[in-house]
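Coordinate analysis (summary)
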Amino acid sequence: MAGKVKDEILHDHNQDGVDRRGFLKCMAWAGTGAFCVIQGGVLKSYSLSRLSELGAKEAMGELSFVQISDSHMGFNKPANPDVAGTLKAAVDKINGLSVPPEFMLHTGDISHLSKPEEFDTVDQILKSAKPKDVFYVPGEHDVLNDDGKQFLERYGKGSKGGGWYSFDKKGVHFVGLVNVMNLKAGGLGTLGHDQLEWLEDDVKHLKPSTPIVVFAHIPLWSVYPEWGWGTEDSAQALGYLKKFGSVTVLNGHIHQTMQKIEGNVTFHTAASTAFPQPAPGKADSPGPMKVPAEQLKSVLGITDVNHVQGQHALAVVDSSLA
Amino acid sequence: MRRSVFIAGLAATLLLGMGALGVGQKNFVASAQPETTEVKIDNFTFGPAALTVPVGATVTWTNKDDIPHTVVSTDDPKAFKSKVLDTDEKFSFTFSKAGTYPYFCSIHPKMTGKVIVQ
């Protein structure tokens, strides 16, 4: 693992106790299993292997949740003939975290072909995860054949329109967005007028100090438009979130971890629990990428997210399944 | 007697065959590309992306990719719309009217193609 990050605040531009450069440095080793927490304005880093040495309060701050994505239940091609097995391994990983997450976010492509038995299998496997509450947003594979009717019946209680909704946990405001419906030929992900209007209204009265977490399937930033890895009207959505001191955007769809920080917004994509996809432009197409069987679990993963009360930025840590 | 019947039959066959050849030849000369009514879906691509067929032709799309795709007309109202095609599944549509029919994959909207019917 890389050397320890400096603990002091170097440049506190926003006077919110968050040192962006230090945070970025820490984020750079997230892929190796580093764990970063902002506590009292100081960025502390620990390697995941040392987590057991830390007290729960010290390690985790006040809100902890996990993001999983792209389980593609029903996929059975060479890139991974056993996606149920790797999803189970992800659940084992979640259950092994030293501080149990309070809930889980699934950022879509739960199923591979929108088949009822595929959704049923995922529900079954997730029952054995310690966090009992799971919040879902659909991927394009979840809304095939029926314009999302089945997805909404299963996971859309209390949601609006195509399945968008928001909720609060310990002072953090969560917004689930849907950008996989009504896709236009040649286009990217799309949020649409109704959802954008709803979003503007939903966050209008929140204090700028409220940490915001937005989760949606397709990335809300332009990762690689040639492969459809972006959302056409996300700029408008982000415009409504400009006033907030801390915005964390969690996405899936691209089956690899990627991160970008832009001002107060941290964009992050999760690995899939099913199969990896190539890095932008590194293959002819964004299809399932085959890796040697013994390497598969190292390119699949979960994302652990922690928020310490009073600190704005959330700590986002990826860990692979092996 | 048998031999003459045989020869007559052979001659008839030859004539028929030549007739068929003649028809085939006419079409071959008329269109710049060989007649094909198959579209192969592979690597997130419709191949060929632009397909020209005569009125009344049936086009069959076959998904050879390892990920599902759909074939959906972009006209309003949609001229055709396949269900989800997993690997090796097919969708066929018969084009009874001349025109240009653009379509795309509704799961991966960057994938586009068109059928030109004339």
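Residues numbered from 1 in each chain as written. Chains lettered and ligands numbered in written order. Predicted model: local features only at pLDDT ≥ 70, side-chain atom pairs only at ≥ 80, totals over all residues.

1. Some words on the interface of chain B and chain A
Across the boundary between the two partners, chain B contributes 18 residues, which contact 18 residues of chain A. Here the side of chain B that touches chain A is built from residues that sort into 8 nonpolar, 5 polar and 5 charged. (Contact = placed C-beta atoms within 7 Å. Nonpolar A, V, L, I, M, F, W, Y, C, P; charged D, E, K, R; others polar.)

2. Some points on the nonpolar core
All names here are of chain A. One finds Ile94, Leu177, Val178, Val213, Val214, Phe215 and Ala216 to be the most contacted residues of the largest nonpolar core, which totals 83 residues. Broken down by element, the residue count for this core peaks at 6 residues, all from helix H3 (residues 83-95). If sequence neighbours within four positions are ignored, Ala216 has contacts with Thr107, Val137, Leu177, Val178, Asn179 and Asn251. (Core = buried A, V, L, I, M, F, W, Y, C linked by C-beta atoms within 7 Å. Buried ≥ 20, exposed ≤ 12 C-beta atoms within 10 Å, placed from the backbone. Helix = DSSP H or I, 4+ residues; strand = E, 2+ residues; numbered from the N terminus.)

3. Focus: the sheet that holds strand S13 (residues 315-320) of chain A
Residues and elements named next belong to chain A. Spatial ordering of the open sheet is given by S5-S4-S3-S12-S13, a layout of 5 strands whose pairing is mixed. The sheet is open, and its two borders are formed by strand S5 (133-136) and S13, each paired with just one other strand. For this sheet, the mean angle separating the axes of adjacent strands, direction not counted, is 25 degrees. Strands in contact with H3 are strand S3 (63-68), strand S12 (301-307) and S13; relative to S12, the strand with the most contacts, it is inclined by about 30 degrees. (Pairing = 2+ DSSP bridges. Axes fitted to C-alpha atoms, helices over the stretch in contact; angles between N-to-C directions.)

4. Observations regarding the sheet that holds strand S6 (residues 90-94) of chain B
Residues and elements named next belong to chain B. Overall, mixed pairing links the 4 strands, which are arranged S2-S1-S4-S6 in an open sheet. Both edges of this open sheet fall to strand S2 (45-47) and S6, since each of them pairs with a single strand only. When the angles between neighbouring strand axes are averaged without regard to direction, this sheet yields 20 degrees. Of the pairings in the sheet, the one linking strand S1 (residues 38-42) to S2 comprises 3 bridges and is antiparallel in character. Looking across to S2, one finds that Asp42 is bridged to Thr45.

5. Focus on helix H6 (residues 193-203) of chain A
All names here are of chain A. Among the residues of H6, Gln195, Leu199 and Val203 are the ones counted as buried. Along the axis of H6, the buried positions cluster into a sector of 50 degrees, meaning they face one direction only. Facing away from the buried side of H6 by more than 90 degrees, the exposed set consists of His193, Asp194, Glu197 and Asp201. Residues of H6 that are buried make contact with strand S7 (172-176) and helix H7 (234-240). (Arc of directions from axis to C-beta.)

6. Considering the environment of Val178 of chain A
Residues and elements named next belong to chain A. Tracing the sequence through the fold places Val178 in the loop between S7 and H6. The spacing of Val178 and Thr190 is 12 residues in sequence and 8.0 Å in space, taken between C-alpha atoms. Residue contacts for Val178: discarding those within four places in its chain leaves Val137, Pro138, Gly162, Gly163, Trp164, Gln195 and Ala216.

7. With respect to the confidence of the model for chain A
All names here are of chain A. In the predicted model, chain A carries a mean pLDDT of 85, and the fraction of residues at 70 or more is 81%. Per-residue pLDDT stays below 50 along residues 1-19; that stretch engages in 35 contacts with residues further than four places along the chain or on separate chains. Contacts from residues 22-55, a stretch scored under 50 in pLDDT, to residues over four places away or in other chains number 73 contacts. (pLDDT = per-residue confidence, 0-100.)

8. Observations regarding helix H4 (residues 116-126) of chain A
Residues and elements named next belong to chain A. Those residues of H4 that sit buried are Glu118, Phe119, Val122 and Leu126. Down the axis of H4, the buried set is contained in an arc of 100 degrees. They therefore lie on one face. More than 90 degrees from the buried face of H4, the exposed residues found are Pro116, Glu117 and Gln124. On its buried face, H4 sits against H3, S5 and helix H5 (149-155).

9. Focus: the packing of H3 of chain A against H4 of chain A
Residues and elements named next belong to chain A. In contact at an axis separation of 10 Å, H3 and H4 are set at 30 degrees when each is read in the N-to-C sense. Overall, the two elements H3 and H4 adopt an arrangement that is roughly parallel. Here H3 runs over H4; the crossing is right-handed. Contacts from Ala84, Leu87, Lys88 and Val91 in H3 reach Thr121, Val122, Ile125 and Leu126 in H4. (Parallel < 35°, antiparallel > 145°, perpendicular 65-115°, else oblique. Left-handed = near helix turned anticlockwise from the far one by under 90°.)

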